[in-house]
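Here are the chains, one letter per residue:
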Amino acid sequence: MNTVARLLAQGPDALANYLLLAGVLFALGIFAMVSRRNAVGILMGVELVLNAAGINFVAFARFNGHQLDGQVFALFIIVLAAAEAAVALALVLAVFQTHRSIELDELDEMRL
Amino acid sequence: MPEGFRDLLGQNIRHLWLIVPEVLVVFGFLVALVYDLILPEERRRTTGYICLIFIVGALWASVVEMGTYVNDAKHAYMEQRVVPAGPDAGAETRTVQVQREHEVLQSKPIFSGMVRHDAYGNFFRMVLLLGTAITLLVSMHAKELFGKNHGEFFLLVTATCLGGMFLSAASNLLMIYLSLEALSVISYAMAGYLRANRKSAEAGMKYVIYGAMASGIMIFGMSYLYGITGTLDLAEVADKFRGLEGEMATKASRGALVAVLAMVFAGLLYKIAAAPFHYWSPDVYEGAPTTATGFFSVVPKAAGFAVLVRVVAEFFPIGAGGGWDYHKLEKVFAALALLTMFIGNLAALGQSNAKRMLAYSSIAHAGYMLAGLSVLRDSSGPAAVLYYLVVYLFMNLGAFMVLVAMENVHGSCELKDLRGAARQQPLLGVALVIFLFSLTGLPPLAGFIGKYLIMVELAKEQNWAMVVFIGLNSVISLYYYMRLAKTVAIDAPTAEVGVAEPTPAIYRALAVGQVVALLLLFVYFEPIQRLCQQVVEPLR
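Predicted, not measured: the structure shown is a model, and the values here were computed from it. (Residues numbered from 1 in each chain as written. Chains lettered and ligands numbered in written order. Predicted model: local features only at pLDDT ≥ 70, side-chain atom pairs only at ≥ 80, totals over all residues. Heavy atoms only, no water.)

1. Focus on the overall build of chain A
Here is the rule we go by: A helix here means a DSSP run of H or I that spans at least four residues, while a strand means a run of E at least two residues long, and both kinds are numbered starting from the N terminus. A contact between two residues is defined here by any heavy atoms of the two lying within 4.5 Å. The Shrake-Rupley method, run with a 1.4 Å probe, gives the accessible areas here. Residue values count only the displayed protein chains as cover. Counting rule applied: Lys, Arg positive; Asp, Glu negative; His and chain ends not counted. A charge is said to be at NZ when it belongs to Lys, at CZ for Arg, at CG for Asp and at CD for Glu.
Looking only at helices and strands, one finds 4 helices and 0 strands in chain A. In sequence order, chain A lays out its α and β elements as α-α-α-α. Of the contacts made within chain A by residues no fewer than 6 positions apart, 51% connect residues no fewer than 24 positions apart. Within the structure as shown, chain A displays about 6,100 Å² of accessible surface, and the carbon and sulfur contribution to it stands at 67%. Charged side chains in chain A number 6 positive and 9 negative. The centres of these two groups are separated by 7 Å.

2. What about the overall build of chain B?
To keep things clear, this is the line we draw: The classification of residues rests on relative accessible area computed with a 1.4 Å probe and restricted to protein chains. Under 20% of the type maximum is buried, over 50% is exposed, and intermediate values are partly exposed.
Scanning chain B for helices and strands turns up 20 helices and 4 strands. Overall, chain B is about 85 × 60 × 60 Å in size when its C-alpha atoms are taken along their principal axes. Every one of the 540 residues in chain B was classed for burial, and the buried ones make up 60%. Entry remark: accessible area of chain B is about 20,300 Å², with carbon and sulfur atoms responsible for 66%.

3. Overview of the interface of chain B and chain A
Basically, it comes down to this: Throughout, buried area stands for the accessible area (probe radius 1.4 Å) lost by two parts on being put together, summed over both. Contacts described as polar in this section are N or O atom pairs within 3.5 Å, which, within protein, must combine one atom able to donate a hydrogen with one able to accept it, while residues neighboring in sequence count only if both atoms come from side chains.
Each partner contributes residues to the interface: chain B has 43 residues there, and chain A has 43 residues. Roughly 3,800 Å² is buried in total at the junction of chain B and chain A, and carbon and sulfur atoms are behind 76% of that figure. For the chain B face of the interface with chain A, the top three residues by lost area are Arg198, Met205 and Tyr226 of chain B, together amounting to 18%. Across the contact surface, chain B and chain A share 7 residue pairs in polar contact (both at pLDDT 80 or more).

4. A short note on the packing of helix α12 (residues 299-315) of chain B against helix α15 (residues 380-410) of chain B
Residue and element names in this part refer to chain B. This is how the line gets drawn: Axis lines are fitted to C-alpha atoms, over the contacting stretch for helices. Their N-to-C directions set the angle, which ranges from 0 to 180 degrees. Angle categories are assigned with fixed cut-offs, so that under 35 degrees is roughly parallel, over 145 is roughly antiparallel, 65 to 115 is roughly perpendicular, and the rest are oblique.
Packing of α12 against α15 leaves a shortest axis separation of 11 Å and a crossing angle of 170°. As the angle between them shows, α12 and α15 are arranged roughly antiparallel. Listed contacts from α15 to Lys301, Ala302, Phe305 and Val309 of α12 are Pro382, Val385, Leu389 and Tyr392.

5. A short note on the environment of Asn56 of chain A
Residues and elements named next belong to chain A. With respect to the helices, strands and loops of the structure, Asn56 is situated in helix α3 (residues 39-63). Residue class for Asn56 comes out buried when judged on its relative accessible area of 0%. Separated by 11 residues in the primary sequence, Asn56 and Gly45 have C-alpha atoms spaced 17 Å apart.

6. Remarks on the domain arrangement of chain B
Often, the extent of an interface is quoted as the loss of accessible area upon association of its parts. Residue and element names in this part refer to chain B. Our working rule: For the domain bounds, the source is a domain assignment made automatically or taken from a database. Each reported salt bridge corresponds to a side-chain nitrogen of Lys or Arg within 4 Å of a carboxyl oxygen of Asp or Glu.
In terms of domains, chain B is made up of domain 1 (1-75 + 108-315) and domain 2 (316-540). In this structure, domain 1 and domain 2 have C-alpha centres spaced 22 Å apart. Taken together, the contact between domain 1 and domain 2 spans 56 residues of the former and 53 residues of the latter. Where domain 1 abuts domain 2, roughly 4,700 Å² becomes buried across the two surfaces, and 74% of that area is made up of carbon and sulfur atoms. When the buried surface of domain 1 facing domain 2 is broken down by residue, Phe123, Thr290 and Phe305 rank first, second and third, together holding 13% of it. Linking domain 1 to domain 2 there are 2 salt bridges. The closest approach of N and O atoms between Arg356 and Asp283, which form a salt bridge, is 3.1 Å.

7. What about the side chain of His278 of chain B?
Counting through the fold element by element, His278 of chain B comes out in the loop between α9 (251-271) and α10 (280-287). Beyond its immediate sequence surroundings of up to four residues, His278 of chain B is in contact with Ala273, Ile343 and Ile363 of chain B.

8. What about the pattern of salt bridges?
Residue and element names in this part refer to chain B. For the coordinates displayed, the defined rule picks out 12 salt bridges over all chains. Across the pair Glu22 and Arg125 runs a salt bridge, and its minimum N-O distance is 3.1 Å. Taken together, the positions of Glu22 in helix α2 (residues 20-38) and Arg125 in helix α4 (residues 119-139) put the pair 103 residues apart, joining distant regions of the chain. Per residue, the accessibility class of Glu22 equals that of Arg125, and both read buried. Where Arg44 meets Asp36, a salt bridge forms, and the shortest distance between an N and an O atom there is 3.8 Å. Since its relative accessible area comes to 15%, Arg44 is described here as buried. Three or more residues are tied together by salt bridges with common partners; here these are Lys199, Glu202, Lys206, Asp283, Glu286 and Arg356.

9. Focus: unusual backbone geometry
All names here are of chain B. With an omega dihedral of 0°, the bond running from Ala275 to Pro276 counts as a cis peptide bond. Take Pro276: it is sitting in the loop between α9 and α10. Here the amide bond leading from Pro443 into Pro444 is cis, since omega sits at 5°, within 30 degrees of zero. Its identity as a non-glycine residue notwithstanding, Phe111 has a phi of 50°, on the positive side. Tracing the sequence through the fold places Phe111 in the loop between β3 (108-110) and β4 (115-117). What makes Phe111 buried here is its relative accessible area of 18%.

10. Focus on the side chain of His365 of chain B
Residues and elements named next belong to chain B. By the element assignment, His365 lies in helix α14 (residues 354-373). For His365, a relative accessible area of 1% corresponds to the buried category. For His365, the contacting residues outside a window of four places in its chain are Tyr388, Tyr392, Met395, Leu439 and Tyr481.

11. Notes on α9 of chain B
In an α-helix, one full turn covers 3.6 residues, which means residues spaced three or four apart are oriented alike. Residues and elements named next belong to chain B. Condition: Any helix carries an expected span of 1.5 Å times its number of residues minus one.
The first and last C-alpha atoms of α9 sit 30 Å apart over 21 residues, in line with the 30 Å expected at 1.5 Å per residue. Those residues of α9 that sit buried are Leu257, Val260, Leu261, Met263, Val264, Phe265, Ala266, Gly267, Leu268, Leu269, Tyr270 and Lys271. Of the residues flanking the end of α9, it is Ala273, one or two places downstream, whose phi is positive at about 55°.

12. Let's talk about a positive patch on the surface
All names here are of chain B. As a reminder of what qualifies: Each patch is built from residues lacking any salt bridge and having more than 30% relative accessible area; the joining distance is 9 Å for like charges and 5 Å for nonpolar side chains (Val, Leu, Ile, Met, Phe, Trp, Tyr).
Together, Lys251, Arg254, Lys328 and Lys331 make up a region of like positive charge exposed at the surface. The set of elements that each furnish at least two residues to the positive patch consists of α9 and α13 (326-349). Among the secondary structure elements, Lys328 is positioned in helix α13. On the accessibility criterion, Lys328 (59% relative accessible area) is exposed.

In structure tokens, the structure reads:
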């Protein structure tokens, strides 16, 4: 905990704070992916991970001499996350229409 | 307009001439998209021809480009010239080394360093376009795809190919991410293409969920790479990263660097379905339309290997060592290769569905190729992988094409329904047996040379264990390949299938073409192998 306290002592606008936030988001996202059995729940976890990466990029860009490429990368992450979500939700809908369920455990059309 | 901006614009427009194949594919996609909309529903199959014309055009453009590379390489290697020995030496001659600039072979960054223009990218471009062209021809006659949306399938195939082409040339983290996503997101739609089919919908959803997880983790790793190096350019990232690794004093900070790199590699290994990132692939391959399965097992995998080799070459300069111990990476790849081979082959043994069996077999083949990457002493290990990919393209697409043809007649890929299927389609039956022999790695087929080249590289490293394990795996795979061959060619049919409609002529032509290609790649493997070598060499 000592490290965290030291990081917080640097004031609100320090790189470490943003990294900490992104790290927490990433961990939460991974936790959601692993623990959720519902397809939409897993996709929400993926969104968290992508946003964690986005925060990292923007923070690094800002504290690395106000570079632009990190900011641009974050924009692309947002756009691609939207595209991916659109395709994913369409497929989830198709699965719901054929299986009447989107729980991954209940999708057992194909097994060993 | 500011001066700098105009310069940049002009430069980018000039660079368009260097990516003519990609431009052609984009135009093909757009033309086919509009064409598909104005066509009456029952004639949408012809959209495939539009896509095909542009894909073949792009293929031709990249073959022409490859010709210039080969030409340049030839001159560069013919360095010995005979010249008069001196001003008054008379007829006496001597041989001198003439240094030639590899002007053309040099890898050039284009579009502000987003992609590289080099023979390596062009090689993969050719592989991807060839795979796409074959897939387009096959999907035009695949019954399961028929319907009012048939035209869309060609568009998806074409667009996926475009993503792969950019991926194999990408040299910037942003570009790698963008093209990887372009490749993946469209593949998700292809896997779930038969929306009303329970298996296909399930396959699509599983693909998108696992794929999104993998790309999320990869992008998070990339964000740290950007943070610690302050740039997105792959070469600069790798240089600075290597420099940092030397400075890091504590074990913990070095471990953090390795973890960051591992995240990025996880995303790439996911794409080639290497164990332990292969969980998605059997289900996706079984559920997706058979044409799409054949496509997935070749084109995205080739693109994945393209970017994997490029990233490895940047971070661990092949041969040079560059202060980094590439032996550790060799060990990692060797372990992954063993795991992938064994999981693929052992799981394939018990399958009762031909499609799922070939899905596991394609996992095993990714394992053989990874074994080639476990020799990073010089560029011949990766070159062997490139050769293997070319062979794999023909034999795997061939096997899947025969499956599509048989599914057209029998309506299923279950082994019990395919019994004696060769009686209806004798030519394709024979071709399937040949493809399966090649997949096993038996001479006189190119699959043998593919495995042989990889084993030779391993043997040069005295890595006898890997050589033995590859041999062992070939023996295991012989069992299930021959089981499929026996089912199709020897077993008596269970139910009498009525008079089957004739096999589309294009399938027969493709089968013959691919068998001939496999034989030619066996007999004349040397020029192709040399080409692979020349292509990999400029990657530092």
